[in-house]
Amino acid sequence: MPDTVIRVEGLGKKYRLGVIRHSTLRDRLAHALAAPRRWGRRRAGGDPGDFWALRDVSFEVGRGEVLGIIGRNGAGKSTLLKVLSRITEPTTGRVTLTGRLASLLEVGTGFHPELSGRENIFLNGAILGMSRAEIRRKFDEIVAFAEVEQFLDTPVKHYSSGMYVRLAFAVAAHLEPEILVVDEVLAVGDAAFQQKCLGKIREVSTHDGRTVLLVSHNMDSIIRLCRKAMLLAHGRIEVIGAPLDAVSRYARVHGRQAAAVDCRAAVRPAWAERSLVLERVEHAGAGAAPWAVPFGGDLAIACELAASRTVRGWSMFLAFFSASGVEVAAIHSPIQPPATAGSRPQLRCRLADFRLTPGSYVINIGVRAGPQMTDLVAAAATIEVLPTEHSAELQTAILSGFYVPNAEFAPAGPGPDRPLT
Amino acid sequence: MTTPTPAPLIIEAGRADRHYWRDLWRYRELLGFLAWRDIKVRYKQAVLGCAWALIQPAVQTVLLTFVFGVLAKMPKGGVGHYSLLVLAGLLPWQLFSSAFSGAGSSLLSNSHLISKIYFPRLVTPLAALGVALVDFAVMLVITLPVLFVWGAVPTWRLLVLPCFILAALLIALGAGLWISALTVKYRDFRYIAPFLLQVGLFVTPVGYRTDLLPHWRGLLALNPLTGVVGGFRWSLLGGGTDLNGTEVATSLAIAAILVGTGLWYFRATERQFADVI
């Protein structure tokens, strides 16, 4: 049982919301004079003007563990790191730390643009807690890691942003604390640099046995590096355990659609002929997670249409759009047997080995009969592709590749008229 | 690879930090680096650089000599030249002025550091004192020969100068701690420091002597810098002026009060700095 290096019990941090923020003495006096009774009176149980950035947070981290911390912006991750780094004091609870803690909350803290790279290495190192002797000892390693040998004596304001970030991380990477706390610094820099950072973090935890707390929005790094992950929401711990659990819970939080989506009320374009319309689309076999499919998993979509007159030679297509509005995949069904007036043809589409980059996608579904488009439902459904260990290995978050899924269409045949839920 | 496990550190609301002073010693190198950074940056890309350390006191001496010595015809007593008086008074005033304004604005100008890393916050005003001390040393080195050339013979009294330097720094520290801690919470205190310095130049006997002004002496002694300036003149001018024991004692007492209360307030509000700044 690894010994506990960080123990957090019942931690809470409260901020007073600045409804009336007294930033000048004049304001403070004026406010006090206007309401003399309020001055000095403490309200028990907290004001509505209080904001709890962290509430009742308790967890333990053992030696050599890498703990990932994820959550939406505003969930309390940075506040937690600030409390652990002793930058701010907790309101309730207690933290017990065994070992020196160094935190990297921002890249290039204390860098001065007028000073040269060499001078900034010493300055930044001292700010992060290294002694001058230590910095001198590691100077060459730091410069080699940052790849800035030629530019050591130029003022840092002339550096490109890539060099700047590399230098800043290089200094921080050579800290030797027992506990290292890293906050989203990996979000800056190009792919090669992020690789280097991840490699260094892995080396620091496995070779040197140091404990690492990593806050990141990059789910791939969380999955690859961390043995345990914690999901924070609204200042509380929502999940703490296996990284995949925390990550999929995080992805699932938004967009809770039901498995079956009623398309009858959706807006159609005016030019759609509407002889054969899409009435319902369902994520077949969804189980507990409707409209969420793991990377590389199987996706089955069942579509139910309604024909108002006989339509021959019809087919369907599904187009997947990424969150940024780029069409990343489109699949067409083969031409289907004619649909008679009043019938309700159904078509089931199975996409095996669904390997779109993890993220949110919007599906447009259309029906065409010959050259005519009979229906088009934009954003019929939203699908979430969940990251897995495999996608993390492929580093899909950095490489952003799209892969057109294999599709298999099978008519489900006109079934009994099921009520649309 | 066995290393002794350090004693666990406990972080809790309201827990008095026993480690503070030990931490302060441990972060002494950071103090040096911050002071070094400020000094280095000042002289980078500067064409006047060190020349400024000459020009500024020279011009001020001329102006003050003119206003107080010539226009107001203030008594100069046993000192050879009025400018000697002024120069000897300007030295401690410059030291105090740069130390006080540096310390007073130290927290705000390092706000990006304070919100991102841990270090005992006392390091920042102390680093500002370091910068002021270096500036003062440069000015002293340039001024001493000038004083000797004008007739101020060096005597054993020079050895006491460091005590007065320390006194000036302590006053600056005490006042600086108050202003910097207050400025974090109430931004208008930022403007009080330059205002105090403007008033101070006249209320402190930089351009004149107090010992020859019997009416005003008592009132002026309330200014802690009066004793310091008197001490500087006494040690630098080789006997042209007298040292008033009461004045010096008052200065030291007020300095002690300022530092004591300043430290108390600073430490009391320190834990909220990162939240408010």
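Calculation notes
- Residues numbered from 1 in each chain as written.
- Chains lettered and ligands numbered in written order.
- Predicted model: local features only at pLDDT ≥ 70, side-chain atom pairs only at ≥ 80, totals over all residues.
- Helix = DSSP H or I, 4+ residues; strand = E, 2+ residues; numbered from the N terminus.
- Buried ≥ 20, exposed ≤ 12 C-beta atoms within 10 Å, placed from the backbone.
- Contact = placed C-beta atoms within 7 Å.
- pLDDT = per-residue confidence, 0-100.
- Nonpolar A, V, L, I, M, F, W, Y, C, P; charged D, E, K, R; others polar.
- Pairing = 2+ DSSP bridges.
- Axes fitted to C-alpha atoms, helices over the stretch in contact; angles between N-to-C directions.
- Expected span 1.5 Å × (residues − 1).
- Core = buried A, V, L, I, M, F, W, Y, C linked by C-beta atoms within 7 Å.
- Parallel < 35°, antiparallel > 145°, perpendicular 65-115°, else oblique.
- Left-handed = near helix turned anticlockwise from the far one by under 90°.

A. Geometry of the overall build of chain A. Per the secondary structure count, chain A includes 10 helices and 19 strands. Taken across its 421 residues, chain A has 42% of its residues classed as buried. A separation of at least 24 residues holds for 75% of the contacts in chain A among residues at least 6 apart in sequence.

B. Region of the structure containing the overall build of chain B. A tally of regular secondary structure across chain B gives 12 helices and one strand. Reading the secondary structure of chain B in the N-to-C direction produces β-α-α-α-α-α-α-α-α-α-α-α-α. Dimensions along the principal axes, computed over C-alpha positions, put chain B at roughly 70 × 40 × 40 Å. Scored against the burial criterion, the 277 residues of chain B give a buried share of 44%. Sequence separation of at least 24 residues holds for 80% of the intrachain contacts in chain B that already meet a minimum separation of 6.

C. Representation of the confidence of the model for chain B. Residues and elements named next belong to chain B. Per-chain confidence: chain B averages 85 in pLDDT, with 94% of residues scoring 70 or above. Mean pLDDT across the secondary structure elements of chain B bottoms out at helix H9 (residues 217-221), with 80, and peaks at helix H7 (residues 161-185), with 94. This prediction of the complex comes with two scores: 0.72 for pTM and 0.81 for ipTM.

D. Highlighting the interface of chain A and chain B. In this complex, chain A contributes 37 residues to the contact, which on the side of chain B involves 27 residues. A total of six residues in the side of chain A that touches chain B trace back to one element, the largest contributor, which is helix H3 (residues 117-128) of chain A. Taken together, the residues of the side of chain A that touches chain B sort by class into 14 nonpolar, 13 polar and 10 charged. Sheet analysis places strand S4 (residues 92-97) of chain A next to strand S1 (residues 9-12) of chain B, joined by four bridges and oriented antiparallel. In the strand pairing of S1 of chain B, threonine 96 of chain A is matched with isoleucine 10 of chain B.

E. Spotlight on the confidence of the model for chain A. Residue and element names in this part refer to chain A. Taken over all residues, the pLDDT of chain A has a mean of 81, while the share at 70 or more is 84%. Mean pLDDT per element in chain A: helix H10 (residues 396-399) is the minimum at 60, and strand S8 (residues 228-233) is the maximum at 92. Note on residues 415-421: pLDDT under 50 across the span, and six contacts to partners over four residues away in sequence or across chains.

F. Quick look at the sheet that holds S4 of chain A. The antiparallel open sheet is built from four strands, whose spatial order is S2(A)-S1(A)-S4(A)-S1(B). If you trace the sheet from one side to the other, it starts and ends with strand S2 (50-62) of chain A together with S1 of chain B, each paired once. Direction aside, the axes of adjacent strands within the sheet are offset by 15° on average. The sheet contacts of helix H2 (residues 77-84) of chain A involve strand S1 (4-16), S2 and S4 of chain A together with S1 of chain B, and relative to S2 of chain A the element is tilted by about 65°.

G. View of unusual backbone geometry. With phi around 55°, aspartate 56 of chain A is a residue other than glycine that occupies positive phi space. Structurally, the position occupied by aspartate 56 of chain A is in strand S2.

H. How the structure looks around the pairing of strand S14 (residues 314-322) of chain A. Residues and elements named next belong to chain A. Bridge count between S14 and strand S17 (residues 359-369): nine bridges; the pairing is antiparallel. Paired with serine 315 across the strands is arginine 368, a residue of S17. The sheet contact formed by S14 and strand S15 (residues 327-332) spans five bridges and is antiparallel. Along S15, the bridge assignment pairs phenylalanine 320 with alanine 329. Counting the residues in the hairpin turn of S14 and S15 gives four residues, including glycine 325, whose phi is positive at 90°.

I. Examining the environment of threonine 206 of chain A more closely. Turning to its location among the elements, threonine 206 of chain A is positioned in helix H6 (residues 191-206). For the pair threonine 206 of chain A and glutamate 65 of chain A, spaced 141 residues apart in sequence, the C-alpha to C-alpha distance is 8.8 Å.

J. Here's a closer look at helix H3 (residues 51-71) of chain B. Residues and elements named next belong to chain B. If you check H3, its first and last C-alpha atoms are 29 Å apart, about what 21 residues at 1.5 Å a residue would give, namely 30 Å. Residues Pro57, Thr61, Leu64, Thr65 and Phe68 constitute the buried set of H3. Contacts made by the buried residues of H3 are with helix H4 (82-109) and helix H6 (123-149).

K. Region of interest: the pairing of S4 of chain A. Sheet topology places S1 of chain A next to S4 of chain A; five bridges connect them, and they run antiparallel. Paired with glycine 12 of chain A across the bridge in S4 of chain A is threonine 92 of chain A.

L. Expanded view of the nonpolar core. By size, the foremost hydrophobic cluster in this structure holds 147 residues, and its most contacted members are Leu214 of chain A together with Ala99, Ala168, Ile171 and Ala172 of chain B. Sort the elements by how many residues they give to this core and H7 of chain B lands first, with 16 residues. Other than its neighbours up to four places away in sequence, alanine 168 of chain B contacts Pro92, Leu95, Phe96 and Val228 of chain B. Within the second largest apolar cluster, 39 residues are counted, among which are Val281, Trp291, Ile383 and Leu386 of chain A.

M. Representation of the packing of H7 of chain B against helix H11 (residues 245-269) of chain B in the model. All names here are of chain B. Where H7 contacts H11, the two axes come as close as 8 Å, and the packing angle between them is 30°. It follows that H7 is roughly parallel to H11 by the angle criterion. Regarding H7 and H11, the two cross each other, and that crossing is left-handed. Between H7 and H11, the residues in contact are Ala167, Leu170, Ile171, Leu173, Gly174, Ala175, Leu177, Trp178, Ala181 and Lys185 and Ser251, Leu252, Ala255, Leu258, Val259, Gly262, Leu263, Tyr265, Phe266 and Thr269, respectively. Looking at the contact of H7 with H11 residue by residue, the class counts come to 15 nonpolar, four polar and one charged.

N. Region of the structure containing the environment of glycine 14 of chain B. All names here are of chain B. Mapping glycine 14 onto the fold places it in the loop between S1 and helix H1 (20-26). Look at glycine 14 and you get exposed, because 8 C-beta atoms sit within 10 Å. For glycine 14 and arginine 271, which are 257 residues apart along the polypeptide, the C-alpha to C-alpha distance reads 9.0 Å.

O. A look at H3 of chain A. Under the 1.5 Å per step criterion, the end-to-end length of H3 of chain A is 16 Å for 12 residues, consistent within 8% with the ideal 16 Å. Of all 12 residues in H3 of chain A, 11 are buried, a share of seventy percent or more. For H3 of chain A, the full list of buried residues reads Gly117, Glu119, Asn120, Ile121, Phe122, Leu123, Asn124, Gly125, Ala126, Ile127 and Leu128 of chain A. Against the buried residues of H3 of chain A lie strand S5 (101-104), helix H4 (132-146) and helix H5 (161-173) of chain A together with helix H2 (28-43) and helix H5 (111-114) of chain B. Looking one or two residues beyond H3 of chain A, the residue adopting positive phi is glycine 129 of chain A, at roughly 110°.

P. Main features of the sheet that holds strand S7 (residues 211-215) of chain A. Residue and element names in this part refer to chain A. Read across the sheet, six strands follow the order S5-S6-S7-S3-S8-S9 without closing on themselves; strand pairing throughout is mixed. For this open sheet the edge positions go to S5 and strand S9 (236-241), each flanked by a neighbour on one side alone. Across the sheet, the mean angle from the axis of one strand to that of its neighbour is 15°, orientation sign disregarded.

Q. Inspection of the environment of arginine 233 of chain B at higher detail. All names here are of chain B. Along the chain, the position of arginine 233 falls in helix H10 (residues 224-236). Residues arginine 233 and leucine 90, 143 residues apart in the sequence, show an inter-C-alpha distance of 9.8 Å. The residues touching arginine 233, leaving out its near neighbours within four places in the chain, are Leu85, Ala88, Gly89 and Thr241.

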